[in-house]
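Letter by letter, the chains look like this.
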Amino acid sequence: QVQLVESGGGLVQAGGSLRLSCAASGRTFSSITMGWFRQTPGKEREFVAAVNWRAGITHYADSVKGRFTISRDNAKNTVYLQMNSLKPEDTAFYYCAAQKPYSSYPSALSEYPYWGQGTQVTVSS
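We now turn to the structure provided with this report. (Residues numbered from 1 in each chain as written. Predicted model: local features only at pLDDT ≥ 70, side-chain atom pairs only at ≥ 80, totals over all residues. Heavy atoms only, no water.)

The helix and strand tally for the chain stands at zero helices and 11 strands. For the chain, the N- to C-terminal ordering of α and β elements is β-β-β-β-β-β-β-β-β-β-β. The C-alpha atoms of the chain give a radius of gyration of 13 Å, which matches the 14 Å a tight globule of 125 residues would have. Principal-axis analysis of the C-alpha atoms gives the chain an extent of 40 × 30 × 25 Å. Taken across its 125 residues, the chain has 43% of its residues classed as buried. For the chain, long-range pairs separated by at least 24 residues make up 57% of all intrachain contacts whose partners lie at least 6 apart in sequence. Total accessible area computed for the chain in this model is approximately 6,400 Å², and 48% of it derives from carbon and sulfur atoms. (Helix = DSSP H or I, 4+ residues; strand = E, 2+ residues; numbered from the N terminus. Rg over C-alpha atoms; globule rule 2.2 N^0.38 Å. Buried < 20%, exposed > 50% of the residue type's maximum accessible area, 1.4 Å probe, protein only. Contact = heavy atoms within 4.5 Å. Areas by Shrake-Rupley, 256 points an atom, 1.4 Å probe, with all protein chains shown as cover.)

Turning our attention to the environment of Phe68. Examined against the element boundaries, Phe68 turns out to sit in strand E7 (residues 68–73). Taking the C-alpha atoms as reference, Phe68 lies 14 Å from Ala14; in sequence the two are 54 residues apart. If we skip the residues at most four places from it in the chain, Phe68 touches Arg38, Val48, Tyr60, Leu81, Gln82, Met83, Asn84, Leu86, Asp90 and Tyr94.

So, about the layout of surface pockets. In this model, the largest pocket occupies a volume close to 250 Å³. Every residue lining the largest pocket is counted, 15 residues in all, and those nearest its centre are Ser31, Thr33, Trp53, Tyr102 and Ser103. Of the residues contributing to the lining of the largest pocket, the split by class is six nonpolar, seven polar and two charged. (1 Å grid on protein atoms, 1.4 Å probe; cavity = no way out; pocket = protein on both sides within 12 Å on 5 of 7 lines; lining within 4 Å. Points joined across faces, edges and corners; volume = space filled by probe spheres on them. Nonpolar A, V, L, I, M, F, W, Y, C, P; charged D, E, K, R; others polar.)

Read these as spatial facts, not as claims about activity.
Here is the structure:
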């Protein structure tokens, strides 16, 4: 089992920045891919970014490429999402997730059995 707790959400003006953190506990954190997803009311949860266990390979949704950066600190069992140049359309509930081992689909929601409780990000125009 993996337990995940997000923090760092809040209200920011368009063009601003936020950094989300996700603290993990439970099974070996360093051996699994970690991801961030987001969801707005009435819409499906969508992939934002993922980083594999080596932290050398990252994946991003096209909508956040060049603005968001995912990273991880295995010594602290923590994954981060640095969000720059935020836009109103980035407003959503953001979730941290841990993927099942050996998956090859970093953006597939179904590959993530472990989820945090989420944190709200609101970007005002």
